[in-house]
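Each chain, written out:
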Amino acid sequence: MGEVSMGEVSLGQTSLGAAVVCAGAAVWLLGERHSGSRRVQLLLAGGGVVGAGPPSWHRLAGGLRRLRGRLRAEWWALAVGLVLAVLGASVLPVVAGAAGVPLLRRVRLAAQARRGRERRGDAVITLCGALAGEVRAGRQPGEALLSAVHDSGGLGEAQAAVLAAARFGGDVPGALAGAARQPGADGLLGLAACWRVAVDQGAGLAAGLDRLEGALRAERDQRADLRAQLSGARSTAVMLAGLPALGLLLGVALGADPLHVLLHTGPGLGCLLIGGLLEGLGMWWAMRIVRGAEAV
């Protein structure tokens, strides 16, 4: 009877183990099926990358990226003013932040214009090199100019006029001179002169373009070297301009209340006004010196 009981126990344990294995396999298969259905739903619903999260999260992230792209850098001045207004219980930081928005917008637009001039100058250098290569390959000047302009794209808004002049035998030097009026495209005046000399007097166009490209490249490298040398002075001016903010942080760390003194007392308001004027004049004068050195 003991042997029968032991056999029944062994058989019961075997059956229980088989049942557990079957149940585990069923759960695993069910999970795989649901996972596959979720992948199909994400793909069909336009959810994006599989396994990267629900579609609503992707929409939220895309909205945040679009908002950050539309929020220009100058609006951070107003945001900082709002934070300081809440901390200092005064409306003056908001007014100062709102006044700083147009100034920072002007700085941003100036930097954007400078980058545009640099890109246009680089495109003109590329155009000269590509045109010289096309002429050496045996193409006619007009055909070579069409191919080089399409490759470089450095003529901006005047590209259509230059292409039309080159395609239909128009005044190519005049079109190039018109395109040279764009900021950063002054090298096109040299290209127009090379074209006029080569076409009218039969001189070598490729040789003139090589010399022009070398001169423009050397001028660009000189400007880049000068800008690198002046970056130290610009960084020093910006660092000195940020020292008052560091002083405020040190005052808070020492247990004082500098915002209350500056925004709610007569001497503090006077110091804030005079310090702000001196700060603005110092930054304007330092940047004027740096821009004057860059223009030399």
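Residues numbered from 1 in each chain as written. Predicted model: local features only at pLDDT ≥ 70, side-chain atom pairs only at ≥ 80, totals over all residues. Heavy atoms only, no water.

(A) Region of interest: the overall build of the protein chain. Check the secondary structure of the protein chain and you find 12 helices and 0 strands. N-terminal to C-terminal, the α/β element order of the protein chain is α-α-α-α-α-α-α-α-α-α-α-α. Of the roughly 19500 Å² that the protein chain leaves accessible, carbon and sulfur atoms contribute 66%. (Helix = DSSP H or I, 4+ residues; strand = E, 2+ residues; numbered from the N terminus. Areas by Shrake-Rupley, 256 points an atom, 1.4 Å probe, with all protein chains shown as cover.)

(B) Expanded view of the packing of aromatic side chains. Per the stated rule, a full pass over the model turns up 1 aromatic pair. Residues Trp284 and Trp285 carry aromatic rings whose centres are separated by 6.0 Å and whose planes lie at 50° to one another, so their mutual orientation is tilted. (Phe/Tyr/Trp six-rings, centres within 6.5 Å; stacked < 30°, edge-to-face > 60°.)

(C) The arrangement of the nonpolar core in detail. Within the largest apolar cluster, 32 residues are counted, with the highest numbers of intra-cluster contacts made by Leu131, Leu145, Val172, Leu176, Leu188 and Leu191. Looking at this core, the elements with two or more residues in it are helix H4 (92-136), helix H5 (141-152), helix H6 (159-168), helix H7 (172-179), helix H8 (187-201) and helix H9 (205-241). In this structure Leu131 touches Pro141, Ala144, Leu145, Ala148, Leu191, Trp195 and Leu209, once residues within four positions along its chain are discounted. (Core = buried A, V, L, I, M, F, W, Y, C linked by side-chain atoms within 4.5 Å. Buried < 20%, exposed > 50% of the residue type's maximum accessible area, 1.4 Å probe, protein only. Contact = heavy atoms within 4.5 Å.)

(D) Looking closely at the packing of H9 against helix H12 (residues 266-295). Interaxial distance between H9 and H12 falls to 10 Å at its minimum, and their mutual angle equals 180°. Taken together, the axis directions place H9 and H12 in an arrangement best described as roughly antiparallel. When H9 is examined against H12, the residues Leu226, Arg227, Leu230, Arg234, Ala237, Leu240 and Ala241 are found in contact with a partner set consisting of Glu279, Met283, Ala286, Met287, Val290, Ala293 and Glu294. A per-class count over the contact of H9 with H12 returns 10 nonpolar, no polar and 4 charged. (Axes fitted to C-alpha atoms, helices over the stretch in contact; angles between N-to-C directions. Parallel < 35°, antiparallel > 145°, perpendicular 65-115°, else oblique. Nonpolar A, V, L, I, M, F, W, Y, C, P; charged D, E, K, R; others polar.)

(E) Just unusual backbone geometry, in detail. The backbone of Ala89 shows a phi angle near 55°, a positive value even though the residue is not glycine. Tracing the backbone shows Ala89 in the loop between helix H3 (75-88) and H4.

Distances and angles like these do not, on their own, reveal function.
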